[in-house]
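Geometric and topological summary
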Amino acid sequence: MLNVGKIEEGYVLDHIKAGKSFALYEHLQLDKLDYPVAIIKNAKSNKMGKKDILKIECDINSLDLDVLAVIDHNITVNIIKDGVIVDKKELTLPKQIRNVIHCHNPRCITSIEQELPHIFVLADEEKQIYRCKYCEEKYSESSQRK
Amino acid sequence: MRHLMSPLDFTTEELEKLFDLANDIERHPAKYAHACEGKILATCFYEPSTRTRLSFESAMTRLGGRVIGFSDAASSSASKGESVSDTIRVISCYADICAMRHFKEGAPMVAAEKAGIPVINAGDGGHQHPTQTLTDLLTIRTMKGRLSDFTVGLCGDLKFGRTVHSLINALVRYEGIHFIFISPEELRVPDYITEMLRSKNIPYEEVIRLEDVMPKLDLLYMTRVQRERFFNEEDYIRLKDFYILDRYKMTLAKKDMLVLHPLPRVNEISVEVDNDPRAAYFKQAQYGVYVRMALILTLLEITVE
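Residues numbered from 1 in each chain as written. Chains lettered and ligands numbered in written order. Predicted model: local features only at pLDDT ≥ 70, side-chain atom pairs only at ≥ 80, totals over all residues.

Notes on the overall build of chain B
So the rule is basically this: The numbering of helices and of strands both runs from the N terminus, where a helix is a DSSP run of H or I of at least 4 residues and a strand a run of E of at least 2. Only the C-alpha atoms count toward the radius of gyration. The rule for a globule is 2.2 Å times the residue count to the power 0.38.
What chain B contains, in helices and strands, is 11 helices and 9 strands. The C-alpha atoms of chain B give a radius of gyration of 19 Å, which matches the 19 Å a tight globule of 305 residues would have.

Some thoughts on the overall build of chain A
How we decide: In this scheme every C-beta is placed from the backbone, and a residue whose C-beta has 20 or more other C-beta atoms within 10 Å is buried, one with 12 or fewer is exposed, and one in between is partly exposed. Our contact criterion uses C-beta atoms placed from the backbone: two residues qualify when those atoms are within 7 Å.
Per the secondary structure count, chain A includes 3 helices and 8 strands. In sequence order, the secondary structure elements of chain A are arranged as β-α-β-β-α-β-β-β-β-β-α. By principal-axis analysis of the C-alpha atoms, chain A measures approximately 50 × 30 × 25 Å. Counting the 146 residues in chain A, one finds 25% classified as buried. Expressed as a percentage of contacts within chain A between residues at least 6 apart in sequence, the contacts between residues at least 24 apart total 58%.

Focus on the pairing of strand β8 (residues 219–222) of chain B
All names here are of chain B. Note the following rule: Only strands that DSSP links by at least two bridges are regarded as paired with each other.
Burial along β8 is two-sided: the face carrying Leu219 and Tyr221 and the face carrying Leu220 and Met222 are both buried. In this sheet, β8 lies alongside strand β5 (residues 150–155) in parallel orientation, the contact comprising 4 bridges. Bridge pairing in β8 links glycine 153 to leucine 220. Pairing between β8 and strand β9 (residues 258–260): 3 bridges, direction parallel.

Concerning the domain arrangement of chain A
All names here are of chain A. The following threshold applies: Those domain boundaries reflect an automatic or database domain assignment. The nonpolar class holds Ala, Val, Leu, Ile, Met, Phe, Trp, Tyr, Cys and Pro. Asp, Glu, Lys and Arg form the charged class, and all remaining residues, Gly among them, are polar.
On domain assignment, one finds that chain A holds domain 1 (10–89) and domain 2 (96–144). For domain 1 and domain 2, the distance between their C-alpha centres works out to 24 Å. In this assembly, 4 residues from domain 1 lie in contact with 5 residues from domain 2. Taken together, the residues of the side of domain 1 that touches domain 2 sort by class into 2 nonpolar, 2 polar and no charged.

Observations concerning the packing of helix α5 (residues 130–144) of chain B against helix α6 (residues 162–171) of chain B
Residue and element names in this part refer to chain B. How we decide: Where helices are involved, their axes are fitted lines through C-alpha atoms of the stretch in contact, as for all axes, and angles between N-to-C directions lie from 0 to 180°. Our angle categories are set so that under 35 degrees counts as roughly parallel, over 145 as roughly antiparallel, 65 to 115 as roughly perpendicular, and the remainder as oblique. Rotating anticlockwise by less than a right angle from the far helix to the near helix defines a left-handed crossing, while the corresponding clockwise rotation defines a right-handed one.
One way to put it is that α5 packs onto α6 with a least axis distance of 9 Å and a crossing angle of 55 degrees. Relative to α6, α5 is oriented oblique. Remark: the crossing between α5 and α6 carries right-handed chirality. Along its contact with α5, which presents Pro130, Gln132, Thr133, Asp136 and Leu137, the element α6 presents Thr163, Ser166, Leu167 and Ala170. Looking at the contact of α5 with α6 residue by residue, the class counts come to 4 nonpolar, 4 polar and 1 charged.

Notes on the interface of chain A and chain B
At the interface, 11 residues of chain A touch 12 residues of chain B. Considered class by class, the residues forming the side of chain A that touches chain B number 6 nonpolar, 2 polar and 3 charged.

Here we look at the sheet that holds strand β6 (residues 177–182) of chain B
All names here are of chain B. Spatial ordering of the open sheet is given by β7-β6-β5-β8-β9, a layout of 5 strands whose pairing is parallel. Only two strands of the sheet have a single neighbouring strand rather than two, namely β7 (204–207) and β9. Neighbour to neighbour, the strand axes of the sheet diverge by 20 degrees on average, direction disregarded.

Structural notes on α6(B)
Residue and element names in this part refer to chain B. With 9 of its 10 residues buried, α6 lies for the most part within the structure. When α6 is considered as a whole, its buried residues turn out to be Arg162, Thr163, Val164, His165, Ser166, Leu167, Ile168, Ala170 and Leu171. Structurally, α6 contributes buried residues whose contacts are with α5, β5, β6, α7 (191–199) and β8.

Looking at the domain arrangement of chain B
Interfaces are often sized by the amount of accessible area the parts lose when they come together. Residue and element names in this part refer to chain B. When its domains are assigned, chain B resolves into domain 1 (7–128 + 287–299) and domain 2 (131–285). Domain 1 and domain 2 are separated by 25 Å when their C-alpha centres are compared. The partner domain 2 presents 21 residues to the 19 residues of domain 1 that form the contact. Of all the secondary structure elements, the ones that give two or more residues to the side of domain 1 that touches domain 2 are α1 (12–27), β4 (119–124) and α11 (281–299). In terms of residues, the side of domain 1 that touches domain 2 owes the most to one element, α11, which gives 6 residues. Counted by class, the side of domain 1 that touches domain 2 contains 11 nonpolar, 6 polar and 2 charged residues.

Examining the packing of α1(B) against α11(B)
Residue and element names in this part refer to chain B. Contact geometry for α1 and α11: axes closest at 8 Å, N-to-C directions at 120 degrees. As the angle between them shows, α1 and α11 are arranged oblique. Note that α1 runs across α11; the crossing there is right-handed. Facing α1, whose interface residues are Leu18, Leu21, Ala22, Ile25 and Glu26, α11 presents Tyr290, Val291, Met293, Ala294, Leu295, Leu297 and Thr298.

Considerations on the pairing of β5(B)
All names here are of chain B. Let me state the cut-off plainly: When the strands point away from the viewer, a crossover counts as right-handed if the path from the first strand over the helix to the second runs clockwise.
Two elements, β5 and β6, share 6 bridges in a ladder whose sense is parallel. Its bridge partner being in β6, phenylalanine 150 is matched across the sheet by isoleucine 177. With respect to chirality, the unit in which β5 leads through α6 into the neighbouring parallel β6 is right-handed.

Put into structure tokens, the structure is as follows:
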């Protein structure tokens with residue numbers, strides 16, 4: 001097993017679906033921030049077989065992690081302070097997300113209107129369904145790959 | 001300031017008030033003939049639609065107001081690449097209220113976000129057509145005296161038909177509604193609708209043959225199979241004449257069943273049915289004007305004593 005050093009303060013995002021860590025890295029816009037980040041791909045997992053892990057050394061109030069719930073609600077968020085886990089954050093689904101996921105419905109106004117943000121609204125909390133604010137197209141992971 | 005994007009934007013109580021107003025307009029048209037004097041309706045139609053546009057124009061004219069607008073995208077500044085946001089900002093300087101039809105879903109909502117005037121969604125692609133739903137509800141309420149306790153048959157293109165989806169969503173808010181969906185396999189009602197009905201414990205059946213269910217129906221809503229919703233011409237040709245409501249099928253129906261259709265009809269209702277007292281589709285077009293008059297007055301917050 002690969003060893004990556006401990007972090008003093010920040011987050012360890014565990015149980016990320018194998019191969020999804022780069023997508024999370026992008027969604028959290030870590031490429032634009034100056035934080036030390038370790039991306040561990042395909043780590044062994046008893047629960048999942050394989051998983052990804054992200055370790056981010058940063059101020060624990062500096063990132064909005066709820067957006068991750070939209071991408072993968074099974075992620076475990078460990079909050080680290082003074083080198084130890086002090087809390088596990090439960091991800092809550094945001095009521096509305098802006099410019100995180102995109103509407104791929106070719107009939108939607110977002111496909112032609114300049115500068116229009118892609119806004120998705122939580123339509124069904126229980127089933128974790130988001131719909132485009134404008135055309136009500138359901139968000140699905142597969143539609144994002146198009 | 002309010003807009004109308006979906007028929008669900010109004011509560012059932014607000015709809016009752018709107019329909020009462022529409023019925024009063026029907027009974028006392030002279031009382032409302034000058035209600036919108038000095039007001040201007042802009043009809044911004046990026047997609048051709050004779051019926052809906054003329055219905056709005058008729059409504060505003062009957063209220064004493066005036067109408068400006070365009071009837072297809074080619075004759076608007078959209079052809080020069082102007083965004084909906086910019087267009088509506090300009091239109092807000094020229095008119096007091098706007099009815100917008102657009103081929104892109106959600107375009108009227110973008111307009112409503114930027115407009116300084118009330119915006120009515122007059123149809124956005126295959127998404128919503130709320131004034132058609134208000135028309136359907138007003139027709140049913142006026143001719144049947146209620147909006148609850150019906151077995152409602154919806155027949156034809158239940159997959160792409162936005163009027164059908166909107167009507168189902170609007171009717172589920174009333175008690176005692178039982179739906180019967182009559183369509184070929186390829187044009188079945190979308191899963192999200194049946195999921196919604198199951199979650200609310202609203203009974204529904206899906207059948208292919210219209211004849212089998214005719215005797216059960218209190219309302220029959222026929223729809224046209226629309227060529228513009230198909231990517232494949234062969235599929236359209238195969239399905240377009242799947243259902244034809246004719247005099248024989250009407251003999252199987254209840255004596256007081258109503259036949260509704262958003263129009264235009266092509267072949268799905270034989271002209272021999274037009275004179276049947278149960279054929280309500282042309283009256284529906286008339287109620288469409290009354291409900292749009294009531295809607296314009298409501299959104300402009302004009303009251304007539």
